[in-house]
Amino acid sequence: MNLLVNSIRPRPRPRPSRMLLGQMSSVLRLSVLRSSVGLLGLGGLVFDVRALSSKEQAPQDIGIIGVPLNKGQSKSGTRLGPQTIRDAGLIEQLKNIERDVKDYGDIKFPEIEEDVSSMKPLKNSRSLGKATQMISDTVYKIMKEDKRLCMTLGGDHALSVGSVNGHARVNPNMCLLWIDAHADLNTPLSSPSGNLHGMVQSFLVHELEEYMPKIPGFEWIKPCISLKDIVYIGLRDIDPGEKYIMERFGMTGYSIHDVDKLGVKEVLSRALDTVNPKANRPIHLSYDIDSLDPVVSPSTGTPVMGGLTYREGMYIAEVVSDTGLLHAVDIVELNPELGAPREQDTTIMAAMNIVTASVGKLREGHRPSNYEIPKPLY
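What comes next concerns the included structure. This structure is a prediction, so every number in the text was calculated from the model and none was measured.

A look at the pattern of salt bridges
For the coordinates displayed, the defined rule picks out twelve salt bridges. Aspartate 106 is the salt-bridge partner of arginine 86, the closest N and O atoms lying 2.8 Å from each other. One end of the pair, arginine 86, is in helix 2 (residues 81-87); the other, aspartate 106, is in strand 4 (residues 101-106), with 20 residues separating them in the sequence. Take aspartate 106: its relative accessible area is 24%, and that puts it in the partly exposed class. Three or more residues are tied together by salt bridges with common partners; here these are Arg86, Asp103 and Asp106.

With respect to the environment of threonine 152
Considering the arrangement of structural elements, one finds threonine 152 in strand 5 (residues 149-154). With 89 residues separating them along the chain, threonine 152 and glycine 63 place their C-alpha atoms 8.4 Å apart. Residues contacting threonine 152, with those up to four places away along its chain left out, are Ile65, Val67, Val139, Leu159, Ser163, Val329, Asp330 and Ile331.

Overview of the side chain of histidine 197
If you trace the backbone, histidine 197 turns up in the loop between strand 6 (175-179) and strand 7 (230-235). Overall, histidine 197 belongs to the buried group, its relative accessible area being 13%. Excluding residues that lie within four positions of it along the chain, histidine 197 makes contacts with Gly72, Gln73, Asp156, His157, Ala158, Asp184, Thr302 and Glu333.

Some remarks on the environment of lysine 141
Structurally, the position occupied by lysine 141 is in helix 4 (residues 125-145). The sequence separation of lysine 141 and glycine 166 amounts to 25 residues, and the corresponding C-alpha distance is 8.4 Å. Once residues lying within four places of it in the same chain are set aside, the contact partners of lysine 141 are Tyr104 and Asp146.

With respect to the packing of aromatic side chains
We describe a pair of aromatic rings using the distance from one ring centre to the other and the angle between the two ring planes. Under the defined criterion, the tally for this structure stands at one aromatic pair. With a centroid separation of 4.6 Å and 40° between ring planes, the pair formed by phenylalanine 203 and phenylalanine 218 is classed as tilted. Note that phenylalanine 203 is positioned in the loop between strand 6 and strand 7 and phenylalanine 218 in the loop between strand 6 and strand 7, a separation of 15 residues in sequence. Overall, the relative accessible area of 5% leaves phenylalanine 218 in the buried class. It is arginine 169 that lies over the ring of tyrosine 140; its NZ or CZ is 4.4 Å from the centre.

Let's talk about the packing of helix 4 against helix 5 (residues 160-170)
Here helix 4 crosses helix 5 at 40°, and the two axes come no closer than 7 Å. Comparing their axes, helix 5 and helix 4 come out oblique. Considering the relative orientation of helix 4 and helix 5, their crossing is right-handed. Here helix 4 contributes Thr132, Ile135, Ser136, Asp137, Val139, Tyr140, Met143 and Lys144 to the contact with helix 5, which in turn contributes Val161, Gly162, Ser163, Asn165, Gly166, His167, Arg169 and Val170. Split into classes, the residues belonging to the contact of helix 4 with helix 5 amount to six nonpolar, seven polar and three charged.

A word on the nonpolar core
Core analysis: the largest hydrophobic core is formed by 51 residues, its most contacted members being Leu90, Leu94, Met151, Leu177, Ile233, Tyr287 and Ile331. A per-element tally of this core places helix 10 (residues 341-357) first, with seven residues. Apart from residues lying up to four places away in sequence, isoleucine 331 is in contact with Ile85, Thr152, Leu153, Gly154, Tyr287, Ile289, Ala351, Ile354 and Val355. By size, the runner-up hydrophobic cluster in this structure holds 45 residues, among which are Cys150, Val161, Leu176 and Phe203.

Focus on the sheet that holds strand 4
With parallel pairing, the eight strands of this open sheet are ordered in space as 4-3-5-10-9-6-7-8. Edge strands, defined here as strands with exactly one partner in the open sheet, are strand 4 and strand 8 (252-255). Averaged over all pairs of adjacent strands, the angle between their axes in this sheet comes to 15°, without regard to strand direction. Where strand 3 (residues 62-67) meets strand 5, six bridges bridge the pair, whose relative direction is parallel.

A look at the pairing of strand 10 (residues 326-332)
In terms of burial, strand 10 is largely enclosed, as seven of its seven residues are buried. Sheet topology note: the strand 5/strand 10 ladder contains four bridges and is parallel. For methionine 151, the partnering residue across the bridge sits in strand 10 and is valine 329. Where strand 9 (residues 283-288) lies against strand 10, six bridges are found, and the strand directions are parallel. The residue bridging serine 286 from the neighbouring strand is aspartate 330, located in strand 10. The handedness of the strand 9 to strand 10 crossover, carried by helix 9 (residues 310-322), is right-handed.

Looking at unusual backbone geometry
The peptide bond linking lysine 120 to proline 121 adopts the cis configuration, its omega dihedral lying at 0°. With respect to the helices, strands and loops of the structure, proline 121 is situated in the loop between strand 4 and helix 4. A cis geometry characterises the amide bond from glycine 154 onward to glycine 155, with omega recorded as 10°. Tracing the sequence through the fold places glycine 155 in the loop between strand 5 and helix 5. The backbone of lysine 147 sits at a positive phi, close to 60°, despite the residue not being glycine. Residue position: lysine 147 is located in the loop between helix 4 and strand 5.

About the cut-offs
- Residues numbered from 1 in each chain as written.
- Predicted model: local features only at pLDDT ≥ 70, side-chain atom pairs only at ≥ 80, totals over all residues.
- Heavy atoms only, no water.
- Salt bridge = Lys/Arg side-chain N within 4 Å of Asp/Glu carboxyl O.
- Helix = DSSP H or I, 4+ residues; strand = E, 2+ residues; numbered from the N terminus.
- Buried < 20%, exposed > 50% of the residue type's maximum accessible area, 1.4 Å probe, protein only.
- Contact = heavy atoms within 4.5 Å.
- Phe/Tyr/Trp six-rings, centres within 6.5 Å; stacked < 30°, edge-to-face > 60°.
- Lys NZ or Arg CZ within 6 Å of the ring centre and 35° of its normal.
- Axes fitted to C-alpha atoms, helices over the stretch in contact; angles between N-to-C directions.
- Parallel < 35°, antiparallel > 145°, perpendicular 65-115°, else oblique.
- Left-handed = near helix turned anticlockwise from the far one by under 90°.
- Nonpolar A, V, L, I, M, F, W, Y, C, P; charged D, E, K, R; others polar.
- Core = buried A, V, L, I, M, F, W, Y, C linked by side-chain atoms within 4.5 Å.
- Pairing = 2+ DSSP bridges.
- Right-handed = clockwise from strand over helix to strand, strands pointing away.

Structural data, given as structure tokens:
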């Protein structure tokens with residue numbers, strides 16, 4: 001079911017060839033049109049990165065923060081996600097594609113005592129309010145002061161309250177691409193669970209301000225984006241309150257049915273065209289590993305059958321990278337305590353491969369810029 005209320009003007013977005021990108025100048029991208037038989041043909045210019053303002057153009061240097069957050073839902077293992085992805089070789093892989101990487105380590109959250117008022121309607125609100133404020137300030141520093149693309153390793157999806165807020169403080173014109181089985185759009189009063197990871201958007205958007213009760217710990221946050229700045233891909237488990245909001249405000253959401261019907265290429269093209277029609281807005285990619293089918297990512301807390309394939313998930317990350325507009329990426333809901341060892345390994349590798357693809361790692365391999373085939377000495 002396509003949840004878009006207002007019709008979309010179809011306009012396929014040409015995609016650069018990833019093989020060609022390794023050979024072209026970093027300041028110029030060429031479009032490549034894929035024909036119906038899968039052949040590559042050279043198209044016109046999509047855009048010249050030199051024509052973008054410094055605020056729009058994605059930073060090449062990467063700043064990594066670990067967010068071992070697990071209080072936005074009920075399973076504790078998400079706290080292990082950041083270090084697990086690092087241990088799988090994340091930083092080495094980023095350096096192998098010649099990116100300057102600075103790891104800022106994990107954010108250390110204080111222990112805060114909760115009371116009755118901070119457990120309903122939102123569980124652990126005092127702890128989460130402080131945690132998300134710290135995340136926002138850290139993301140802001142990495143992006144504003146250090147001029148780096150911010151890669152946030154989760155941790156449950158509640159962290160995106162902070163990461164999106166911090167990004168919006170730097171780039172108020174940002175748009176948000178939310179890849180998830182769930183909409184995470186409940187308000188505290190419509191949420192069936194009381195878990196923040198299912199309410200993230202309601203703390204961020206202007207349109208829901210009148211529906212938001214006062215929540216202890218979240219006095220600091222103010223709405224920073226609009227519902228029209230958000231697009232979903234991969235939806236297949238939406239609560240009644242979320243569906244009401246999406247329909248009332250005409251949000252754009254592509255369910256897994258839409259991916260099946262239209263194909264991931266067309267869905268992503270329409271999604272980007274909706275929130276970034278001029279291809280000039282900074283992109284925040286918030287990627288929940290449960291958007292993938294549980295066959296691919298079983299070690300996550302809220303798996304839903306029938307999700308994106310691994311190839312579809314990678315394609316989304318690669319095309320977002322190709323835009324040259326990605327300023328921040330979150331990878332969330334990896335829980336290495338769940339599943340058998342083989343399932344854990346599959347999920348960890350899927351998470352790492354997606355987040356590295358979002359910043360330019362190519363599935364077909366990489367050639368260092370200074371590499372030449374060796375010649376014999378005789």
